[in-house]
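# Fold and contact review
Listed below, chain by chain, are the residues.
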Amino acid sequence: MRHGRFEESMSTLLRDYGESISFDWRLYRHDIRGSIAHASALKRAAFLTLEEFDAIEAGLKEIGAEIEAGKFTFSKDLEDIHMNIEKELTRRIGDAGAKLHTARSRNDQVATDFRLYLKEETALIEEGIRVLQRALVGLASANESVLMPGYTHLQRGQPVPVAHHLLAYVEMLERDHGRLADAAERMDEMPLGSGALAGSTLVLDREAMARELGFARVTQNSLDGVSDRDFALELLSALAILGMHLSRLSEDVVLWTTTEFGFAKLSDRHATGSSLMPQKKNPDIAELTRGKTGRLYGNLFRLLTVLKGLPMTYNRDLQEDKEAVFDSVDTARMALAVTAEMMEALVINRESVNRAAADPALLATDLADELVRHQVPFRRAHDIVGKLAAESVRTGVPLDKIPEDLIRELCPELLTGWNSLFDPVRSMKARGAVGAPSPEHVSERLAHWKKLLS
Ligand code: ARG
């Protein structure tokens, strides 16, 4: 059973402890692609005949198709995906299969497979971000002129268009997209040819292998090539930040769909009932997404900890890199897809949102701004309007209905045109700076996103 320097076979405990086939089988397509590229380099360097190469390629493709179809039996005794495939290949085609591992180690093999896999997954997550952005832009577009209260400290601050609020998430997601694209750019180099750690005396054309595998570059230091996993960390950290954004959006949905807020209604397809309380409709999707942030953060810390203090170069600790990454990739893809579906079907309750935004107190800052236009220093203007607001709270009279004599006494400048100051539409129009929620700017941004996302 065992070869070379070993006389006894492996303890079953160690076999069960050390196997990775139960999870790294996922890398089979990438492992096969990597092996075919490696074999063609071996052929070009005359370490394989054309016939041997053809047998290897056909054999690997056949094995790939069987795995795809669920017809392949993996063996724990063969530890990982690399050995499972290679052993089976050799069983089928004989000596040619036994030549495949020439000038290669599982160390550069796994480092290559993992990058190939992550390049693919990163592109899929980037597309998932686009899908969610489109859903948010759609909802924003449908509510372009609906005003809602904007909050700080979860206290009503100033009115803003619902579209402006939703587009804030589109901006965040755009940065998430950028972080992923950045990580993808750096992970786009091929370690194959690094061997176990020091390359090989059997020299292969690495550039050609990289071209065949679609890598932009080859790694420039064999020790680095087999031992670092910073590319996976970058992805996990981008996904942790993405998770934080999705969690914040989810929290808004949880708040908005409460009876207390009443700003939005989830479709029945995206809510659950209570087993006990018949009247309830719960925002479970949003809560789960908020909760799954724990995995995304946890997986980042898991891999950071695995990598810390590892001596050069490959160490078996590195096998612990995969499950954390698989879990984060799966979680991010699902979370994006369900959030997009949920946001697409979310209905904004325009009446109650508008009603909340119509609170005249939300325009207190506009009053202070108006005093500034009359040359009152802002700090004093703030103080004066504060007194009006306090009076409104004390007497229960809305800010726009404060008795005239008090206005005449505190801020006579505001007396003429008092009523127009409480027009939220006018207030929005006045917010003309780039990034502020004037209708022009919001519609410009909507047009920008629609174009970018089409
Ligand atoms: N299953 C291993 C991993 O995932 C493959 C590389 C094993 N290399 C070795 N020298 N034991 O890291």
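In this convention, every chain numbers its residues from 1, walking through the sequence in written order. Residue-level local features of this predicted model are given only where pLDDT is at least 70; pairs of side-chain atoms are given and counted only at 80 or more, and the full residue set underlies all totals for whole chains, interfaces and linings. With hydrogens and water excluded, all non-hydrogen atoms of the structure serve as input to the side-chain values.

### Describing the overall build of the protein chain
- The number of helices and strands found in the protein chain is 19 helices and 6 strands.
- The globule rule used here is 2.2 Å times the number of residues to the 0.38 power, and the radius of gyration it is set against is calculated over C-alpha atoms. For 454 residues, the compact-globule estimate of 2.2 N^0.38 gives 22 Å, and the C-alpha radius of gyration of the protein chain, at 31 Å, exceeds that figure by more than 25%.
- For the protein chain, the C-alpha atoms occupy an extent of roughly 100 × 55 × 40 Å along the three principal directions.
- Note on classification: 1.4 Å probe, protein chains only; a residue is buried when its accessible area is under 20% of the maximum for its type, exposed when over 50%, partly exposed between these limits. A buried classification covers 47% of the 454 residues belonging to the protein chain. The way it works is that DSSP assigns letters per residue, a run of H or I at least four long becomes a helix, a run of E at least two long becomes a strand, and they are numbered from the N terminus.

### A look at unusual backbone geometry
- Between Met312 and the following residue, Thr313, the backbone shows a cis peptide bond with an omega angle of 0 degrees.
- Mapped onto the secondary structure, Thr313 falls in the loop between helix 12 (284–307) and helix 13 (322–345).
- Even without being a glycine, Ala103 presents a positive backbone phi close to 60 degrees.
- With respect to the secondary-structure elements, Ala103 resides in the loop between helix 6 (95–98) and helix 7 (106–142).
- Overall, Ala103 belongs to the buried group, its relative accessible area being 15%.

### Some points on the packing of aromatic side chains
- Pairing of aromatic side chains here covers Phe, Tyr and the six-membered ring of Trp, requires ring centres within 6.5 Å, and sorts the geometry by plane angle: under 30 degrees stacked, over 60 edge-to-face, intermediate tilted. A full pass over the atoms with the stated rule returns 7 aromatic pairs.
- A connected cluster of aromatic rings, assembled from ring pairs, spans Tyr151, Trp256, Phe261 and Phe263.
- If you follow Arg26 out to its NZ or CZ, it ends over the ring of Phe326, 4.6 Å from the centre.
- Working rule: Lys NZ or Arg CZ, within 6 Å of ring centre, within 35 degrees of ring normal, means a charge sits over the ring. Between the NZ or CZ atom of Lys322 and the centre of the ring of Phe114, over which it lies, the distance is 5.8 Å.

### Structural notes on the environment of Leu136
- Within the secondary structure, Leu136 is located in helix 7.
- Accessibility expressed as a relative area gives 0% for Leu136, which makes it buried.
- Sequence separation between Leu136 and Leu166 is 30 residues; the distance between their C-alpha atoms is 6.2 Å.
- By definition in these notes, contact holds between two residues if any of their heavy atoms fall within 4.5 Å. Other than its neighbours up to four places away in sequence, Leu136 contacts Leu166, Tyr169, Val170, Leu173, Leu249 and Met343.

### Concerning the environment of Ile348
- Tracing the chain through its elements places Ile348 in strand 6 (residues 347–348).
- Between the C-alpha atom of Ile348 and that of Arg104, which follows or precedes it by 244 residues, the distance is 58 Å.
- In this view, Ile348 contacts Leu139, Asn143, Val162, Trp256, Phe263, Ala264 and Val353; residues no more than four positions away in its chain are not counted.

### Considering the pairing of strand 2 (residues 155–161)
- Strand pairing is defined by DSSP finding a minimum of two bridges between the two strands. Two elements, strand 1 (residues 147–152) and strand 2, share 6 bridges in a ladder whose sense is antiparallel. Note that in strand 2 the partner of Thr152 across the bridge is Gln155.

### A closer look at the site of the ligand
- Around the ligand, the surrounding shell consists of Ser20, Asp80, His82, Arg106, Asn107, Val110, Tyr314, Gln319 and Lys322.
- We call two N or O atoms a polar contact when they sit within 3.5 Å, provided that within protein one can donate a hydrogen and the other can accept it, with sequence-adjacent residues counted only if both atoms are side-chain atoms. The contact in question runs from a nitrogen atom of the ligand to an N or O atom on the side chain of Asn107, over 2.9 Å.
- Contact with the protein chains covers 87% of the free accessible surface of the ligand, which is 340 Å².
- Here the element with the most residues in the shell around the ligand is helix 7; it accounts for 3 residues.
- Counted by class, the shell around the ligand contains 2 nonpolar, 4 polar and 3 charged residues. Here a residue is considered near a molecule or strand provided that any single heavy atom belonging to it is located within 4 Å of it. Where accessible areas are quoted, they stem from the Shrake-Rupley method and a 1.4 Å probe; at the residue level, only the protein chains shown are allowed to cover. Amino acids outside the nonpolar list (Ala, Val, Leu, Ile, Met, Phe, Trp, Tyr, Cys, Pro) and the charged list (Asp, Glu, Lys, Arg) are all regarded as polar, and Gly is one of them.

### Some words on the pattern of salt bridges
- Salt bridges are counted wherever a side-chain nitrogen of Lys or Arg sits within 4 Å of a carboxyl oxygen of Asp or Glu. Applying the stated criterion across every chain yields a total of 38 salt bridges.
- Residue Arg269 is joined to Glu341 by a salt bridge in which the shortest nitrogen-to-oxygen separation is 3.4 Å. A residue pair is termed long-range when its members are at least 10 positions apart, and Arg269 in the loop between strand 5 (264–265) and helix 12 and Glu341 in helix 13 qualify at 72 residues.
- Classification of Glu341 as partly exposed rests on a relative accessible area of 40%.

### With respect to the nonpolar core
- Note on terminology: a nonpolar core comprises buried Ala, Val, Leu, Ile, Met, Phe, Trp, Tyr and Cys residues joined through side-chain atoms within 4.5 Å. Counting 100 residues, the largest nonpolar core has Phe114, Leu118, Leu136, Leu239, Leu242 and Met343 as the members making the most contacts within it.
- Counting residues per element, this core draws most heavily on helix 11 (residues 230–256), which supplies 15 residues.
- Contact partners of Leu242, with chain neighbours within four places excluded, come to Ile125, Ile129, Leu173, Asp176, Ala332 and Leu336.

### Topic: a nonpolar patch on the surface
- Taken together, the side chains of Met10, Leu14 and Tyr17 define a hydrophobic patch exposed on the protein surface, amounting to about 350 Å² of accessible area.
- Checked against the element boundaries, Tyr17 lands in helix 1 (residues 12–18). Within this analysis, patches are made of residues with over 30% relative accessible area and no salt bridge. Like charges are joined at 9 Å or less; nonpolar side chains (Val, Leu, Ile, Met, Phe, Trp, Tyr) at 5 Å or less.

### Topic: the packing of helix 3 (residues 28–44) against helix 9 (residues 206–213)
- To obtain each axis, a line is fitted to C-alpha atoms, and for helices this fit is confined to the stretch in contact; angles are then taken between N-to-C directions over 0 to 180 degrees. The geometry of helix 3 relative to helix 9 is characterised by a closest axis approach of 9 Å and an angle of 145 degrees between their N-to-C directions. Both helix 3 and helix 9 take part in a crossing whose hand is right-handed. Where helix 3 abuts helix 9, its residues Arg33, Gly34, Ile36, Ala37, His38, Ser40, Ala41 and Arg44 lie against Ala208, Met209, Glu212 and Leu213.
- A class-by-class count of the residues in the contact of helix 3 with helix 9 yields 6 nonpolar, 3 polar and 3 charged. Crossing chirality is assigned from the near helix's rotation relative to the far helix, an anticlockwise turn below a right angle marking it left-handed and a clockwise turn marking it right-handed.

### Here we look at the side chain of His270
- Here His270 is to be found in the loop between strand 5 and helix 12.
- Assessed through its relative accessible area of 3%, His270 is described here as buried.
- At 2.7 Å, the side chain of His270 forms a polar contact with the side chain of Glu341.
- If sequence neighbours within four positions are ignored, His270 has contacts with Ile285, Glu341, Met342 and Ala345.

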